[in-house]
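Commentary on secondary and tertiary structure
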Amino acid sequence: MSQAMPAPTGQVFRTKDLTKVYVTGDIQVQALRGVNFEAAAGEFVVLLGPSGSGKSTFLNIIGGLDRATSGEVWFTDHELSSFDDRALTLYRRDHVGFVFQFYNLVPSLTARENVALVTEIAQNPMRPEEALAIVGLQERMDHFPAQLSGGEQQRVAIARAIAKRPQVLLCDEPTGALDSKTGVLVLEALTQVNEQFGATTLIITHNVAIQDIAHRVVHFGDGRIVSSNIIADRKPASAISW
Amino acid sequence: MMNALHRKLLRDLVRLWPQALAIAFVLAAGAATLILGIGAYESLSETRAAYYERNRFADVFDDLTRAPKIVEDEIARIPGVASVETRIAKIALLDLPNVAEPASAMFVSIPDLHEQKLNLLYMRSGRLPLPGDEHEVVVSEPFAKANHFIIGSTFKAILNGRERTLRVVGTALSPEFIYSLGPYGLIPDDRRYGIVWMREKALAAAYDLTGAFSSVHVKLTRSASEAEVIERLDAILSRYGGLGAHGRRDQTSHAFLDAELSQLKAMSRILPPVFLLVAAFLVNMTLSRLILLEREHIGLLKALGYSGVAVGWHYLEFALAIAVVGILIGMAAGTWLGFGMTRLYAEFYHFPFLVFQTDPAIYVIAAGVTLAAAAVGAMRAVRDVVVLPPAVAMSPPAPAIYRRLLPEAFYAVLSIPQSLTMMVRHLMRWPLRTVSSVLGIALAVSVLVGSLWAFGSTEFMIDVTYNRSERQQATISFVRERPLSAYFDALSLPGVMAAEPYRSVPVRIYFGPFERRVSITGKPADANLSRVLGPGLKPVRLPESGIALSDALAKILHAKVGDLVEVELLERNRRRVQLPVTGIIEGYLGLNAYMALSALNGMMREGQIISGVHLLFDTDRQDALYRRLKTTPMANFIALQRATLQNFRQTLQENLLVMVSVYVTLGMIIAFGVVYNFARISLSEQGRELASLRVLGFHKSEVSAILLGELAILTIVAQPLGWAIGHFFAWAMVQGFDSELYRVPLVVERSVYAWASLIVFGSALISGLIVRRRIDRLDLIEVLKTRE
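Note that the structure is a prediction, hence the values are computed from the model and not measured.

Parameters and conventions
- Residues numbered from 1 in each chain as written.
- Chains lettered and ligands numbered in written order.
- Predicted model: local features only at pLDDT ≥ 70, side-chain atom pairs only at ≥ 80, totals over all residues.
- Heavy atoms only, no water.
- Helix = DSSP H or I, 4+ residues; strand = E, 2+ residues; numbered from the N terminus.
- Buried < 20%, exposed > 50% of the residue type's maximum accessible area, 1.4 Å probe, protein only.
- Areas by Shrake-Rupley, 256 points an atom, 1.4 Å probe, with all protein chains shown as cover.
- Lys, Arg positive; Asp, Glu negative; His and termini not counted.
- Charge placed at Lys NZ, Arg CZ, Asp CG, Glu CD.
- Phe/Tyr/Trp six-rings, centres within 6.5 Å; stacked < 30°, edge-to-face > 60°.
- Lys NZ or Arg CZ within 6 Å of the ring centre and 35° of its normal.
- Core = buried A, V, L, I, M, F, W, Y, C linked by side-chain atoms within 4.5 Å.
- Contact = heavy atoms within 4.5 Å.
- Buried area = accessible area lost by both parts, 1.4 Å probe.
- Salt bridge = Lys/Arg side-chain N within 4 Å of Asp/Glu carboxyl O.
- Nonpolar A, V, L, I, M, F, W, Y, C, P; charged D, E, K, R; others polar.
- Domains from an automatic or database assignment.
- Polar contact = N/O pair within 3.5 Å; in protein donor to acceptor, adjacent residues only side chain to side chain.
- Pairing = 2+ DSSP bridges.
- 1 Å grid on protein atoms, 1.4 Å probe; cavity = no way out; pocket = protein on both sides within 12 Å on 5 of 7 lines; lining within 4 Å.
- Points joined across faces, edges and corners; volume = space filled by probe spheres on them.
- Axes fitted to C-alpha atoms, helices over the stretch in contact; angles between N-to-C directions.
- Parallel < 35°, antiparallel > 145°, perpendicular 65-115°, else oblique.
- Expected span 1.5 Å × (residues − 1).
- Bend = angle between axes of the 7 residues up to and from the residue.
- Left-handed = near helix turned anticlockwise from the far one by under 90°.

A short note on the overall build of chain B
Looking only at helices and strands, chain B has 22 helices and 22 strands in total. Residue burial in chain B is summarised as follows: out of 788 residues, 58% are buried. Taken as a whole, chain B presents about 32600 Å² of accessible surface, with 60% of it coming from carbon and sulfur. Each charge class in chain B was averaged separately, 80 positive and 70 negative side chains, and the resulting centres sit 5 Å apart.

Section: the packing of aromatic side chains
By the definition in use, this model includes 29 aromatic pairs over all chains. With a centroid separation of 5.6 Å and an interplanar angle of 5°, the aromatic rings of Phe672(B) and Tyr676(B) are classed as stacked. Of this pair, Phe672(B) and Tyr676(B) both sit in helix α19 (residues 641-695), four residues apart, which is roughly one turn of the helix. Put simply, the rings of Tyr51(B), Tyr122(B), Tyr179(B), Phe256(B), Tyr345(B), Phe348(B), Tyr349(B), Phe351(B), Phe353(B) and Tyr742(B) pair up and form one aromatic cluster. Looking at Arg234(A), its charged tip hangs above the ring of Phe44(A), at a distance of 5.6 Å from the centre. Sitting over the face of the ring of Trp430(B), Arg429(B) holds its NZ or CZ atom 4.4 Å from the ring centroid.

Describing the nonpolar core
Counting 176 residues, the largest nonpolar core has Phe13(A), Phe37(A), Leu47(A), Phe58(A), Leu287(B) and Leu693(B) as its most contacted members. Sort the elements by how many residues they give to this core and α19(B) lands first, with 21 residues. Leaving out residues up to four positions away in the same chain, Leu693(B) has contacts with Val106(A), Leu117(A), Met422(B), Phe698(B), Val703(B) and Ile706(B). Formed by 39 residues, the second largest nonpolar core is a distinct cluster that contains Leu105(A), Met141(A), Ile158(A) and Ala214(A).

A few points about the interface of chain A and chain B
Contacts between chain A and chain B engage 31 residues on the former and 33 residues on the latter. The junction of chain A with chain B conceals about 3000 Å² of combined surface from both sides, 58% of it contributed by carbon and sulfur atoms. Between the two partners, chain A and chain B, sit four salt bridges. Looking at the side of chain A that touches chain B, the elements that each hand over two or more residues are α2 (85-95), β6 (96-100) and α3 (111-119) of chain A. Each residue belonging to the side of chain A that touches chain B can be placed in one class, and the counts come to 15 nonpolar, five polar and 11 charged.

Describing the domain arrangement of chain B
Residue and element names in this part refer to chain B. When its domains are assigned, chain B resolves into domain 1 (1-58 + 254-398), domain 2 (59-253), domain 3 (406-468 + 644-788) and domain 4 (474-639). Placing the centre of domain 2 and that of domain 3 at their C-alpha centroids yields a distance of 55 Å. At the interface, six residues of domain 2 touch seven residues of domain 3. Both sides of the domain 2 and domain 3 interface together cover about 560 Å² of buried area, and 64% of this is carbon and sulfur. The three residues of domain 2 that bury the most area against domain 3 are Leu186, Ile187 and Asp189, which together make up 74% of that side's buried surface. Linking domain 2 with domain 3 are zero salt bridges, by the criterion used here. Joining domain 2 to domain 3, the criterion identifies zero residue pairs in polar contact (both at pLDDT 80 or more). The residue makeup of the side of domain 2 that touches domain 3, split by class, is three nonpolar, no polar and three charged.

Considerations on the pairing of strand β7 (residues 154-159) of chain B
The side chains of a regular strand alternate between both faces of the sheet. All names here are of chain B. Where strand β3 (residues 89-95) lies against β7, three bridges are found, and the strand directions are antiparallel. Bridge pairing in β7 links Leu93 to Ile158. Following β7, the chain reverses through two residues before pairing antiparallel with strand β8 (residues 162-173); Asn160 in that reversal takes a positive phi of roughly 55°.

Some points on empty space enclosed by the protein
All names here are of chain B. Evaluation of the coordinates by the stated rule reveals four cavities of 30 Å³ or more. Along the walls of the largest cavity sit 22 residues, with Tyr184, Gly185, Asp189, Arg192 and Thr644 positioned nearest its centre. No other element matches α19, which puts five residues into the lining of the largest cavity. Considering only residue class, the lining of the largest cavity consists of 14 nonpolar, six polar and two charged.

Brief notes about the pattern of salt bridges
Following the criterion strictly, the structure yields 49 salt bridges over all chains and no others. For Arg574(B), the salt bridge identified is with Asp234(B), shortest N-O distance 3.9 Å. You can see Arg574(B) sitting in the loop between β18 (564-569) and β19 (576-585) and its partner Asp234(B) sitting in helix α6 (residues 226-237), a full 340 residues away along the chain. Across the pair, Asp234(B) and Arg574(B) agree in class, each one buried. Across the pair Arg508(B) and Glu515(B) runs a salt bridge, and its minimum N-O distance is 3.6 Å. For Glu515(B), a relative accessible area of 33% corresponds to the partly exposed category. Through salt bridges with shared partners, one network takes in Arg112(A), Arg127(A), Glu129(A) and Asp142(A).

Some words on the environment of Arg234(A)
All names here are of chain A. Structurally, Arg234 is set in the segment after β10 (224-230). On a C-alpha basis, the gap between Arg234 and His215 in space is 6.7 Å, while along the polypeptide they are 19 residues apart. For Arg234, the residues in contact, after removing those within four places along its chain, are Phe44, Thr191, Asn194, Glu195, Asp212, Ile213, Ala214 and His215. Within polar-contact distance, the side chain of Arg234 engages the backbone oxygen of Ile213 at 2.6 Å.

A short note on the packing of α3(A) against helix α13 (residues 418-429) of chain B
Running from N to C, α3(A) and α13(B) cross one another at 135°; their axes reach a closest spacing of 9 Å. Between α3(A) and α13(B), the crossing angle belongs to the class labelled oblique. Taking contact as the criterion, the partners of Glu113(A), Ala116(A) and Leu117(A) in α3(A) are, on α13(B), Gln418(B), Ser419(B), Thr421(B), Met422(B) and Arg425(B). Looking at the contact of α3(A) with α13(B) residue by residue, the class counts come to three nonpolar, three polar and two charged.

Section: helix α20 (residues 700-737) of chain B
Taking 1.5 Å of rise per residue, the 38 residues of α20(B) would be expected to cover 56 Å, and the 51 Å separating its terminal C-alpha atoms lies within 8% of that figure. Gln719(B) marks where α20(B) bends most, by close to 35°; the proline Pro720(B) follows one to four residues later.

A closer look at the sheet that holds strand β5 (residues 78-79) of chain A
All names here are of chain A. Read from one edge to the other, the open sheet built from four strands follows the order β2-β1-β4-β5, with strand pairing classed as antiparallel. Edge positions in the sheet fall to β2 (27-40) and β5, since each has one partner strand and no second. In this structure, strand β1 (residues 11-24) lies alongside β2, joined through 11 bridges in antiparallel fashion. Residue pairing in the sheet places Val23 in a bridge with Gln28 of β2. Packing against the sheet, helix α1 (residues 55-62) makes contact with β1, β2 and β4 (70-75), and its axis sits at approximately 120° to β1.

Comments concerning unusual backbone geometry
Even without being a glycine, Arg165(A) presents a positive backbone phi close to 55°. Along the polypeptide, Arg165(A) turns up in the loop between α5 (150-162) and β7 (168-172).

Some details on the packing of helix α7 (residues 252-293) of chain B against α20(B)
Residue and element names in this part refer to chain B. Between α7 and α20, the shortest axis-to-axis distance is 8 Å and the interhelical angle comes to 155°. Between α7 and α20, the angle falls in the class roughly antiparallel. In this structure, the crossing between α7 and α20 has a hand that is right-handed. Listed contacts from α20 to Ser262, Gln263, Ala266, Met267, Ile270 and Val274 of α7 are Phe729, Ala732, Met733, Gly736 and Phe737. Its residues assigned to classes, the contact of α7 with α20 shows eight nonpolar, three polar and no charged.

Here's the deal with the environment of Leu765(B)
When you line up the elements, Leu765(B) lands in helix α21 (residues 750-776). Here the alpha-carbon distance between Leu765(B) and Val675(B), two residues 90 residues apart in the chain, equals 8.7 Å.

Written out as structure tokens, the structure reads:
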């Protein structure tokens, strides 16, 4: 089991007493109620929890898309909670790869161009063709999103996320819009990238089956981390289905 | 009662108010310019017509040397003549107490014993002179105002060589002198030229015309033929030195007003269509997007049982509601501007009263065409709504198909940034919208080019007229022809450095079926002060023989070099002489004919006779010169070209400034409206992509650059097209301005294009920045949660 754990090269994420309150008019919604979390470099973590449990809010905050109401967020030795908008943008640009449920590709750009969009602004990117080859799409590089299937579009999104060689890969329901077979292909791409590049990978899902491919599974409930368990019997993505 | 669809309509309008208002403003500009143009035109022509009618403005005019009063009866017997007024009209020098320069006035007699029959004075203050009084005068109101005359003020005049002190007893206006322009004048100079009315007996005594007259005005019956009356009048007056009768067309004041009115008409025909066209594009653009966004609502409404026509009508109502807002704004603005503009004109022309023409028909037409423009713009989108099957509408639209414009290799080789690729592909995705936006922005540019050019053109006209052609500082016009020795007298005036004689002879020129009443100007062949310009506006030597025609006159007569024209000498018993056309002269003012002075005198069978002298003088000694000129008995008018140029330039530029400010505002409304709507629609289409880019680590500025880049591409592409259309507008206006009094050269300087583009870029930038604020506020999280 210990061999399955990544080499302890230090913490990538650390949060302390993280809270988030959304205020709309007179209504206050407490989305996070003191989250303490750590993730090591190269770790593959699945975040599970019902809708409204706060996992997406948490991912958005550590991804630099949203700000905490209180508490600390650390990325390596930088305190994200003290970053201004510009610094957060640079953090996303240089360190974070995102994958979303609805792909969020630019419809007017081909697969290759969608990836190039990111490699053009990144510091040490791989070539778009290389990134697309990793997700097995080298044959369909010059297709526009509208000409690709859902699974293919999500793999383009993954290629776009990894092309910058990010330190962290944050995925919010990456298989949510896909059938089981296609979803597995996407998860295979994610595990492969995690192993190959050592990017700390966080996947949000409420699909319990997916937890088996992780090093660790973290359960969210009512704005808190309910449990955090090491997966003893980690499986390859090809071995799961739902 | 308001039904559900109407409530939806209202909410849509409120939700989309900035876009709706931007379109409404463009529509309003169309309605306003229509009401303004036609309204001001009709108000002015009605005012003029009413003024003419009430004050019995004459129809036919003639000046002559001297005829006995008895001839008046003979004229009255011409069939078609309703009434006749004979009088004395002479131009004379004035010595005004507060004006250093020599001034002049047109002295016009009013009958002693009976009321005026024609060209009735509109008294503004005081009273008429007492019959027989030699010192009492009524002066024109603008002249009195410019010289701060009040009742009882006195000034000196040189009548027929004798100085006389005159006392102001009244001020008045006259339909005959609405535009009171002195000889050689370009624009009224009320300080130095006015109209002075005296009792007939007193003026006749001064000019040795007792029992005689020197000017006749005739009013025609409704059925009379003007041409026939002119012919009969000419026949009677030829014995008395008649200079040739003419109708209102050749009456200075009337002709200038006519030119102004036709300019107004020309402008009211160019602008409104431009705005309505742009507005139709905008309606189409906005409604198409709205319908795409509301596809599911449309399907739902149809599924609920609303007919296709009912749903289509709902969206048409959206366009019509915007049009109604535009019409209301346009009517208010058009009426307000129309009143303002008419008042401005009325002040400039000193109309005693104003007839505001608020013909309801104008408003109905304006509302009709505005609604039509909106409906035409909505047509395509509404048709799509009507035919869209509900089942298709309820499912999401097929994803947009993008195409690569160039083979893949080009992108690699050129290393085009993906953001630029996004902009270009998005623009190419909706080519019709892109093209109509480019055209809309181009029209904004063209409205500006089409108005800003006038400044440079005016300067060019001034440069040609005063720096290349009429280079004298002053022109002395003699009371009557004098021998050449008068030229040497002028040379010895204080401060005079150079002088040049000229002669002016009134004639009628005939060529084939065409004829015009003009003056032939005789100049020394090697004239150096008052020069004539040939092709390319280069000074040319007048041919020693034959006649040179100004290009405008040549065009009217259809004559060219080598043709033989016939010249009727109006002052000398109507003798007719045939002359070859030996040159065409360039120029922008009036209709002119030129001969070498010696040839002209030869044709007149007279010796060395001149009508006046052009002068160049030392400005350090101008006070002494002016003092001498003010009291010189030989002159009746002294033009000061250099001094009046400033006045001309100022008046013209002030008038232009008003017009140009209106145009610049309108141009900015178009540019803003087009760019703003385009930007909002583009943002609505690409908001999701732009938010995704922010998530991927693009800065706000980088994301905004994509949308603003699209706007920049549109705006840049629109410029050359706008310049070309603007040049065409300028050309069309030059055609509209063209009159026998003056022509406007078509000179569009580079700075005009630059300014037009700068202003349009400015308003595009403003609308871009407003939309940019929305980009900065894009919700990054929301966009990730929803499917497009």
